[in-house]
Amino acid sequence: VVLALVVGNLAGTSPNNTGCLCTYGQPCWPTADQFAELESQVSQPLIYPVPTASACYPVNDPSGNCTQAVQDWTNGNWRSSMPGSMEAPNFETFTFKNGTIDACYLNTSLGVPCEQGSVPVIGVDARTPQDIQAAINFALQYDLKLVVKNTGHDFLGRSTARGAFVIWTHNMKNITFDAQFTPQGAPANETYQGRSFTHSNPTRNLIIVGAGIQWYEAYDTVNQHGRMMVGGASLGGSVGAGGGWLQGGGHSALSPTYGLGVDNAIEMTVVTSTGAYLTVNNYQNPDLFWALRGGGGGTYGIVTSVTYRTYEQLPVVMYFVQANVTNATVMKELIGGVIHLQPNLTDDGWGGYGSFGSDNMSFFCINVNMSTAAANASTQPLTDYLLGLGAEGVSSTAGIYSFNSWYEWYTYIFGSAGQNGGNVMFTSRLLSRDTLANRYTDVAEILYDCQASFNMIAGGKVSQIDPDSAGVNPAWRNAVVESGCGVSWQEGATAEEISGLTDQLKTWIKEMHDLTPQDGAYFNEASLYEIDWQYTFFGSHYAKLKEIKDKYDPYRLFVVAEGVGSEEWNEELTCRW
């Protein structure tokens with residue numbers, strides 16, 4: 001509360017009266033003495049982030065362990081351990097209007113000097129809510145361009161900005177598993193169990209994760225208690241469990257059975273731009289709790305912890321299918337047929353991941369506590385469909401595999417690190433039941449062209465939950481699968497070459513938007529070029545989210561690309577209109 005008063009007194013009296021935020025190199029940037037004063041108020045020394053590949057420079061006398069950088073370049077856990085490293089290194093770069101790219105490339109043979117790019121120059125290694133309060137207070141006092149970084153998993157570059165001041169939450173590693181839980185503000189005689197409150201004496205089996213906990217840590221912890229939970233999937237489990245994953249919606253292979261991440265969050269703690277440290281749930285600050293569940297990360301405040309429900313650890317079966325095709329016409333037919341059959345699978349609880357190539361398809365999905373016989377019966381229509389294409393030159397294989405627990409399956413598929421470190425831009429679409437029933441042939445044309453990924457992470461339980469129960473895009477409640485199209489490039493590509501790839505991505509975005517205007521996209525897996533982003537990401541919830549944003553962030557401190565309220569800012573998100 002004291003900090004909130006300090007912030008209130010400082011707001012509007014900063015030395016930078018340009019109407020724009022202050023970035024490194026400008027006269028308004030704080031002095032070394034002023035940063036030293038901040039350092040005296042926080043628990044850790046200030047951090048000075050550098051690009052991931054900086055260890056390899058100068059080339060003739062590397063400043064760090066370049067061998068490790070080469071070996072671990074794709075390791076998301078290694079990358080997330082450094083405040084300046086983004087999972088997609090293109091967001092570490094900065095392109096000037098003349099086409100010059102400021103970057104730090106791992107490939108030193110390109111002969112390009114290592115530059116800071118879009119990596120923030122200084123920040124706070126937050127370990128406590130008090131650290132965050134002090135950092136927020138400082139950012140407001142000097143009108144600093146602020147970014148918040150957890151792991152740096154992001155397709156829109158929201159964890160970084162050129163010349164910015166960063167609050168890094170990665171080291172907020174508190175994690176607690178408990179047997180009984182009473183939400184703050186709830187009636188004293190109520191405790192939590194499963195999906196409802198009860199007056200008896202239950203065990204709750206909820207987990208409280210600090211902002212810096214990553215999914216591999218959360219899964220390991222709940223498994224030790226015989227539990228599993230809805231969470232993210234990536235090689236090595238490096239995505240954050242208490243950050244942007246949840247605030248964007250949070251999908252999982254378990255979502256068709258247990259709902260989205262936002263449907264499984266019970267309580268959060270958050271620091272707002274006024275310096276307030278709030279506990280939010282359905283009883284306290286319910287509007288902010290609603291917005292934080294799907295209204296977008298980096299927008300309302302900085303979440304410091306999340307309380308999630310967990311579920312009994314159960315056996316799973318996995319359905320794996322692969323197909324090879326001899327020509328484009330048949331491949332498009334196959335794509336259309338496969339997505340057309342998806343609602344049957346997700347409504348039966350199947351969830352998983354797949355991809356379409358120019359002449360092949362593969363995907364795997366899981367179901368909880370289902371017998372092999374039931375799994376075969378549930379997946380038979382798709383297996384038969386693919387076998388039926390044999391006369392058209394399609395060769396396919398399908399199988400059911402059993403695992404003793406969800407955790408055993410997860411570690412088998414995702415246990416090893418990798419998957420990160422590539423220059424990528426990505427767009428997604430939440431394909432609705434109506435789309436898959438009536439426009440699957442046209443959608444297949446686009447998915448073939450972009451060699452799409454598809455995630456079976458909606459339908460089922462996700463479709464059964466009230467669209468207005470959380471701030472997440474209501475399009476999720478009509479969706480069955482999420483399709484994804486992306487482009488990638490090698491280090492050293494020119495701005496012109498990247499622009500050409502961007503144009504291709506924009507073409508796919510427009511084609512998919514025109515074909516499925518109501519379907520929306522997933523805020524965490526999308527591009528900077530979505531059409532009508534307010535509706536695409538937030539649907540009919542946008543106006544309410546904006547009201548909540550303005551209420552809890554009166555100083556407009558938190559702004560990210562295509563986030564709620566960002567329409568009030570210039571393209572660089574440094575000056576308000």
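Residues numbered from 1 in each chain as written. Predicted model: local features only at pLDDT ≥ 70, side-chain atom pairs only at ≥ 80, totals over all residues. Heavy atoms only, no water.

Caption draft 1: Representation of the side chain of E530. The topology assignment puts E530 in the loop between α17 (495-515) and α18 (533-538). For the buried residue E530, which engages in no salt bridge, the nearest side chain bearing the opposite charge is R429, 4.9 Å off. At 2.8 Å, the side chain of E530 and the side chain of T427 are in polar contact. A distance of 3.0 Å separates the side chain of E530 from the side chain of S527, its partner in a polar contact. Residues contacting E530, with those up to four places away along its chain left out, are F426, T427, I509, T536, F537 and E562. (Helix = DSSP H or I, 4+ residues; strand = E, 2+ residues; numbered from the N terminus. Buried < 20%, exposed > 50% of the residue type's maximum accessible area, 1.4 Å probe, protein only. Lys, Arg positive; Asp, Glu negative; His and termini not counted. Salt bridge = Lys/Arg side-chain N within 4 Å of Asp/Glu carboxyl O. Polar contact = N/O pair within 3.5 Å; in protein donor to acceptor, adjacent residues only side chain to side chain. Contact = heavy atoms within 4.5 Å.)

Caption draft 2: Representation of the packing of aromatic side chains. All told, the structure shown has 32 aromatic pairs when counted by the stated rule. Geometrically, the ring pair formed by F94 and F96 is edge-to-face, given 5.1 Å between the ring centres and 80 degrees between the ring planes. Classification of F94 as partly exposed rests on a relative accessible area of 25%. With a centroid separation of 5.8 Å and 50 degrees between ring planes, the pair formed by W215 and Y308 is classed as tilted. (Phe/Tyr/Trp six-rings, centres within 6.5 Å; stacked < 30°, edge-to-face > 60°.)

Caption draft 3: Representation of the sheet that holds strand β11 (residues 265-271). Read across the sheet, five strands follow the order β6-β9-β13-β11-β12 without closing on themselves; strand pairing throughout is antiparallel. Looking along the sheet, the strands with just one partner apiece sit at the ends: β6 (175-178) and β12 (277-280). Pairs of neighbouring strands in the sheet enclose a mean axial angle of 10 degrees, with direction left out of account. Two elements, β11 and β12, share four bridges in a ladder whose sense is antiparallel. Across the sheet, the residue bridging to V271 is Y277, located in β12. With respect to the sheet, helix α5 (residues 129-141) is in contact with β11, β12 and β13 (302-309), its orientation differing from that of β11 by roughly 45 degrees. Taken strand by strand, helix α6 (residues 215-224) contacts β6, β9 (206-210) and β13, and its axis lies near 25 degrees from that of β6. (Pairing = 2+ DSSP bridges. Axes fitted to C-alpha atoms, helices over the stretch in contact; angles between N-to-C directions.)

Caption draft 4: Examining the confidence of the model for the chain more closely. On average, residues of the chain carry a pLDDT of 94, and 94% of them reach 70 or more. A low-confidence stretch, residues 193-203 stays under pLDDT 50, and its non-local contacts, those more than four residues away or across chains, total 29 contacts. (pLDDT = per-residue confidence, 0-100.)

Caption draft 5: Structural detail: the pattern of salt bridges. Counted under the stated rule, the structure contains 18 salt bridges. For D553, the salt bridge identified is with K549, shortest N-O distance 2.6 Å. For D553, a relative accessible area of 0% gives the class buried. Judged by its relative accessible area of 3%, K549 is buried. Overlapping salt bridges, with partners in common, bring together K546, D550, R556, E568 and R576 in one network.

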